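Structural overview
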Amino acid sequence: MNELKDFAEFVLKVIRGEGVDEADLIIIESKSHHVKIRRGKIEELRFSNPKGIGLRIIKGKKCGVTFSNDFSKEKVKEQILKMIDMLEYMSEDSYVGLPDGELIGRSTREINTYDRLIEVIPTEDKIRMVRELEEEGFKYSPLIKNSEGAQWSDSVSNIVIGSTKGFVDGYSTTNYSMSLVLVAERNGSRQTDYWYTKSRFYKNLESIGSVAKKAAERAIRKLGAKKPKTSQVPVVFDPDVATDLIGIVATCVLGSRVFMKGSFLADKLGEVIGTDKVQLIDDPLLHAGLGSRPFDDEGVVSRKNVIVEDGVLRSYLCDSYSARKLNHPLTGSAVRSIGSVPSSGITNFYLEKGDVRKEDIIASVENGLYLTHVHWTGVNYVTGDYSRGAEGIWIENGKLSYPVHEFTVSGNVLDMLQNIKMVGSDLEFRDNISSPTILVDGLIVSGS
């Protein structure tokens, strides 16, 4: 890390020497391993070790971006000079600029994003775990007839941000994930489903037995599925599917999408967009969160942002450019790759949990749908219109009754937020977008 920081200091010194008004940079150095096993045989075994530096250079109101994977000082100097020459041809943009200096720095709250164990887990152990995961899936039931593969991935990243505002700092992150896709078969009916676990820390991963059991159960429970009748019913969103809905809202509160009018939430700041049960948070300081970080990709201090409070839209998520465009406070939400200018993004975005058990939410529905899967098409982010192909389990008299498939669930996201009748107590942070179980009233299920 110190070597990367020293290099960042060198680059900024070169830029300052060329009479540039402002500049910042990001350095990303990563190592990742991936293992995939199918039917006991290794299908993929990959290791990658990319490293790159991205520079944003600002002169007057003109901005240019350049990046390199070559860390020789001569090469980087050459790129800086070329980029400065190219700025002559750029158009001016009055919103261009770095964040104000007083907003830049590191959060004083301690957040642990790095697991030292990643340095000592041998490859043979990763292969053994993935093989064992698939074997456990087959053992769960004779109805499990095939596998589409068990996978392990891990990565460690060193990230350094520097700017001509006098800031150079960095942090390290680790990520682990393990997944299994199984195929169940009975009486000619064949269904596939999966489960995964993901965490910053190895000790927080679900056990092999738990991942295998859930993947098998999810595939088996879909056997014998039939098409439901078209109707307007209450729909219980399983947490994984509720995350899809919450993710649409997360996308539509990004400042870069809002100022381009590509969001159904544009111009709705301060308005009621959901029931008072809707509390949406983006928190980069969440303990062990997969998106946690001490500062954003412009070096702005991380802070917890309340996006929706009691159903009222309180904030967008803004990097410095979108904040200026929208005349909105900075929220420390900049994200960037080495080859792009910063834009706005999420860290750990979630729907705050309620106080109702999942079982009680299902029991409250006399006739409706428990939604377990949606396909990744069918959302208009400008209007909020929502129509997803889906799978689920029909609810009769408060009980899960039979599996259903080959139908769509449709509505409008704003209407859906305003028709959330119950929020479950089962919030788990399994990814960087999270939600508990929710009950949405009055959705159209289009089947037979």
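For the structure given in this document, a descriptive report is provided here. (Residues numbered from 1 in each chain as written. Predicted model: local features only at pLDDT ≥ 70, side-chain atom pairs only at ≥ 80, totals over all residues. Heavy atoms only, no water.)

Tallied over the full model, the rule gives one cavity of 30 Å³ or more. Estimates place the volume of the largest cavity at around 40 Å³. Lining of the largest cavity is provided by Ile 53, Leu 55, Thr 66, Phe 67, Ser 68, Val 76 and Gln 79. Those elements that provide at least two residues to the lining of the largest cavity are strand S3 (51-59), strand S4 (62-68) and helix H2 (73-86). The dominant element in the lining of the largest cavity, judged by the number of residues it contributes, is S4, at three residues. Classifying every residue of the lining of the largest cavity gives four nonpolar, three polar and no charged. (1 Å grid on protein atoms, 1.4 Å probe; cavity = no way out; pocket = protein on both sides within 12 Å on 5 of 7 lines; lining within 4 Å. Points joined across faces, edges and corners; volume = space filled by probe spheres on them. Helix = DSSP H or I, 4+ residues; strand = E, 2+ residues; numbered from the N terminus. Nonpolar A, V, L, I, M, F, W, Y, C, P; charged D, E, K, R; others polar.)

Turning our attention to the layout of surface pockets. Where empty space is left can be seen by rolling a probe of water-molecule size over the atoms. Quantified by volume, the largest pocket comes out at close to 840 Å³. As for the largest pocket, its lining consists of 29 residues, of which Trp 195, Arg 218, Asp 238, Asp 240 and Arg 430 are closest to the centre. Listed by contribution, the elements that provide at least two residues to the lining of the largest pocket are strand S7 (189-199), helix H4 (208-220), helix H5 (239-252), strand S15 (367-374) and strand S19 (433-434). Grouping the constituent residues of the lining of the largest pocket by class yields 10 nonpolar, six polar and 13 charged. Quantified by volume, the second largest pocket comes out at close to 370 Å³. As for the second largest pocket, its lining consists of 21 residues, and the residues nearest its centre are Ile 159, Tyr 171, Arg 200, Leu 290 and Gly 291. For the lining of the second largest pocket, the secondary-structure elements that each account for two or more residues are strand S1 (22-38), strand S5 (144-163) and strand S6 (167-186). Partitioned by chemical class, the residues of the lining of the second largest pocket number seven nonpolar, eight polar and six charged.

Here we take up the packing of aromatic side chains. Each aromatic ring pair is characterised by the separation of its centres together with the angle its planes make. For the structure shown, the criterion picks out 12 aromatic pairs. Pairing Phe 7 with Phe 10 gives two aromatic rings, centres 5.9 Å apart and planes at 40°, and the pair type is tilted. Here Phe 7 and its partner Phe 10 are both found in helix H1 (residues 2-17), three residues apart, which amounts to about one turn of the helix. A centroid spacing of 5.9 Å and a plane angle of 65° characterise the contact between Trp 152 and Tyr 176, whose relative ring orientation is edge-to-face. Here Trp 152 is found in strand S5, whereas its partner Tyr 176 is found in strand S6, with 24 residues between them in sequence. Accessibility assignment for this pair places Trp 152 and Tyr 176 in one class, buried. (Phe/Tyr/Trp six-rings, centres within 6.5 Å; stacked < 30°, edge-to-face > 60°. Buried < 20%, exposed > 50% of the residue type's maximum accessible area, 1.4 Å probe, protein only.)

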